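# Coordinates in review
This is what each chain is made of:
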Amino acid sequence: MLDIAPRVRVDVNPSMAAQHDLGVCDAIWRIAPGGKADAMSAPHLPKVAGIDPAVTASAQTPAPTPASTPVRTTPAQAAQPAASSVIQDRLAGMVSDLTTLHELTERLARASDLDSSLQEFLRAGAALVGARRGLVVLEPSDGLGPTTTIGLGLGRADLGHIETVPRSATSYGRILDGLPDAHGGSEVLPEPGTAPAGTGTGGHEPSIDPRHREVAARLGYAASYALPLTADATGRLGAAVWLYDEQAEPSERQRDLAGLYVRHAAEHLARMVEVDRSRTRLATVAEELLPSRLPRIAGVQLAARHHTGPRGGGDWYDALPLPEGAMGLAVGSVTGSGPSAVAAMGRLRASLRAYAVMEGEDPVAVLSDLELLLRLTEPARSATALFAYCEPASRKVILAGAGHTPPLLIGERRTEYVETSLSAPLGMLACWEAPSVEIEPASGETVLLYTDGLLRRTGDAMDRAYARLHAAAAGVPRTVRDDPGAICDHILRTVLPGEDPAAPSADPDEDVVLLAVRFD
């Protein structure tokens, strides 16, 4: 809605506007020195789309015209109502266009990640140019990625067919190659069996590559409209192209609106690209701080799953061989998120490995030393942890936890949580201490260690999340119970149905960690 002050009027001679096809932007604004608008020679426009002409009605009633006196109407006076209607329509059209752009940019701004931003961009662009299908190719010119192709109304197979067309044969491909004369525009494909009659608005020669013609016929499109994605700070990001089922192209008004929207969307997408790069780098650092591979120890099989949240969390796991054929298992979670939490997680894991080698047979001592270190070196931070000392030969496990979620024992005859003693997280008390618990898994049973991120990502209350995890573990098919990796995958799919654990969810900042140990 346009907000125009009441003391401002547009002085337009309707007959002149009709003769010269003047638009709204060609009007002359006049304000008198005393703050009052000059009298307008044209009849006052009615209120249109929230624009108040601010015309004060006359306090007197004009005298009636005698019937005997004929009224003469000049051609200029007859043209005034028509010209006023033209200006009124243009004003209403401008307000409608601005409202549409505002709504589309608001929807784009609400997209929280790169994929959803690209999908919203495609949908909005298709609505502006009047197309039904399209695709956007993200390929930053700096070569740092990410690179992806997303389609609208096109399946993966369709996108695969389009990628087989040489880039030089398409308008958007020339944009991606960075050719100096590649500016996009319309590209109308000729009817099969006919020669091209002219050039499209993109300014390139209309010769059609045979493979391009074949793919267009297979997918059923006859024209396209492409635009480059270019941001001020990053340069070329990629290109977008929308496909028409018939030989058509957008009108001048549609091209103007699409151009304005694409320029705004490119800046938003550039910010999303930087966010995605930061998240990728953070996830890479977090993965490098965790074990690159699990040890091979006789008598047990190990598997782990770890997914870092979008902001980078402090969940971790570890498995290390100990003297006399023993093994140490650990999972934990550091408070906070971001680079500082990832760094703290790396320091905590390295310290626990040292304590485990020296006194691993006593999990309580290991966690007590870790708590003292955390309280002295990082007093503003807390963490949860669980450490287990395992003897695979005798299938004996001694474990202790500090505010951590209880392990889950999965077998043919039982699926139950291990009852650990209630204890505070590390760094919360002046002196941490809790008793250890000893369990003896049967042959073929699996002990599952995990972090609370798995429960929080469900979005349920904790008691319901625990019940959900228990049901998922109890429902592990017999055919995969011998594979700890398959057990982890089944639990992830069941507890978080239809969700990629690396994608945003009910609590997107939470990491997910699972460490499964199957005893032979």
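Structure report, in brief. (Residues numbered from 1 in each chain as written. Predicted model: local features only at pLDDT ≥ 70, side-chain atom pairs only at ≥ 80, totals over all residues. Heavy atoms only, no water.)

### Things to note about the sheet that holds strand β4 (residues 148–152)
Strands pair in a sheet through their backbones, by hydrogen bonds, and they do so in one of two ways: parallel or antiparallel. Strand order in the open sheet made by the five strands is β4-β3-β7-β6-β5, with antiparallel pairing throughout. On the outer flanks of this sheet lie β4 and β5 (185–188), each paired with one strand and no other. Each strand of the sheet is rotated relative to its neighbour by a mean of 20°, with strand direction disregarded. As judged from the nine bridges shared by strand β6 (residues 223–231) and strand β7 (residues 235–244), these two strands associate in the antiparallel manner. Looking across to β7, one finds that S224 is bridged to L243. Relative to the sheet, helix α7 (residues 252–289) contacts β3 (133–138), β6 and β7, its axis offset from that of β6 by approximately 45°. (Pairing = 2+ DSSP bridges. Helix = DSSP H or I, 4+ residues; strand = E, 2+ residues; numbered from the N terminus. Axes fitted to C-alpha atoms, helices over the stretch in contact; angles between N-to-C directions. Contact = heavy atoms within 4.5 Å.)

### Here's the deal with the packing of α7 against helix α8 (residues 339–359)
Orientation of α7 relative to α8, taken along the N-to-C sense of each, is 5°, at an axis distance of 10 Å. Judged by the inter-axis angle, α7 sits roughly parallel to α8. Of the residues in α8, those touching α7 at L282, V285, A286 and L289 are P339, V342, M345, G346 and R349. In the contact of α7 with α8, the residues fall into seven nonpolar, one polar and one charged. (Parallel < 35°, antiparallel > 145°, perpendicular 65-115°, else oblique. Nonpolar A, V, L, I, M, F, W, Y, C, P; charged D, E, K, R; others polar.)

### Quick notes on the nonpolar core
Counting 54 residues, the largest nonpolar core has W316, M327, L329, L352, L367 and F387 as its most contacted members. Once residues within four sequence positions are removed from consideration, L367 is found in contact with L352, A385, F387, A400, G401, A402, L426 and W432. (Core = buried A, V, L, I, M, F, W, Y, C linked by side-chain atoms within 4.5 Å. Buried < 20%, exposed > 50% of the residue type's maximum accessible area, 1.4 Å probe, protein only.)

### Topic: the pairing of strand β9 (residues 313–321)
Taken across its nine residues, β9 has eight buried, putting it largely inside the fold. The pairing of β9 with strand β10 (residues 327–337) spans nine bridges and is classified as antiparallel. The residue bridging D315 from the neighbouring strand is S333, located in β10. As consecutive antiparallel partners, β9 and β10 are separated by five residues, and within that stretch E324 has a phi angle of approximately 60°, a positive value.

### What about helix α12 (residues 484–495)?
When the terminal C-alpha atoms of α12 are compared, their 16 Å separation across twelve residues agrees well with the 16 Å that a helix rising 1.5 Å per residue should span. By the criterion of burial, α12 is predominantly enclosed, with nine of the twelve residues buried. P484, G485, A486, I487, C488, H490, I491, L492 and V495 are the residues of α12 that are buried. Looking at the buried positions of α12, the neighbouring elements they touch are β8 (300–307), β13 (408–410), β16 (446–450), α10 (453–456), α11 (462–474) and β17 (512–519). (Expected span 1.5 Å × (residues − 1).)

### Observations concerning the sheet that holds strand β14 (residues 415–417)
Across the sheet, five strands lie side by side as β8-β17-β16-β13-β14; this open sheet has antiparallel pairing. Only two strands of the sheet have a single neighbouring strand rather than two, namely β8 and β14. Between one strand axis and the next, the sheet turns by 15° as a mean value, whatever way the strands run. Judged from the three bridges that link them, β13 and β16 form a sheet pairing that is antiparallel. Looking at β16, one finds that L409 is bridged to V447.

### A few points about the pattern of salt bridges
Per the counting criterion, the structure on display carries 24 salt bridges. Between R277 and E274 there is a salt bridge, and its shortest N-O distance comes to 3.3 Å. Of the two residues, R277 and E274 are both situated in helix α7; the distance of three residues between them amounts to about one turn of the helix. A residue is classified by how much of its surface remains accessible, and E274, at 34% relative accessible area, is partly exposed. Here E445 makes a salt bridge to R414, at a shortest N to O gap of 2.8 Å. Of the two residues, E445 is situated in the loop between β15 (437–439) and β16 and R414 in the loop between β13 and β14; the sequence distance between them amounts to 31 residues. Its relative accessible area of 29% is what places R414 among the partly exposed residues. (Salt bridge = Lys/Arg side-chain N within 4 Å of Asp/Glu carboxyl O.)

### So, the environment of E359
Summarising the element assignment, E359 is placed in helix α8. Distance in space between the C-alpha atoms of E359 and L322 is 9.9 Å, their sequence separation being 37 residues. Look past the residues within four positions of E359 in its chain and what remains in contact with it is A365, V366 and D369.

### As for the pairing of β6
With respect to burial, β6 is a largely interior element, seven of its nine residues being buried. Two strands pair when backbone bridges link them, and β5 and β6 are joined in this way by four bridges, in the antiparallel orientation. Along β6, the bridge assignment pairs S186 with Y225. In this antiparallel pair of consecutive strands, β6 and β7, the connection spans three residues.

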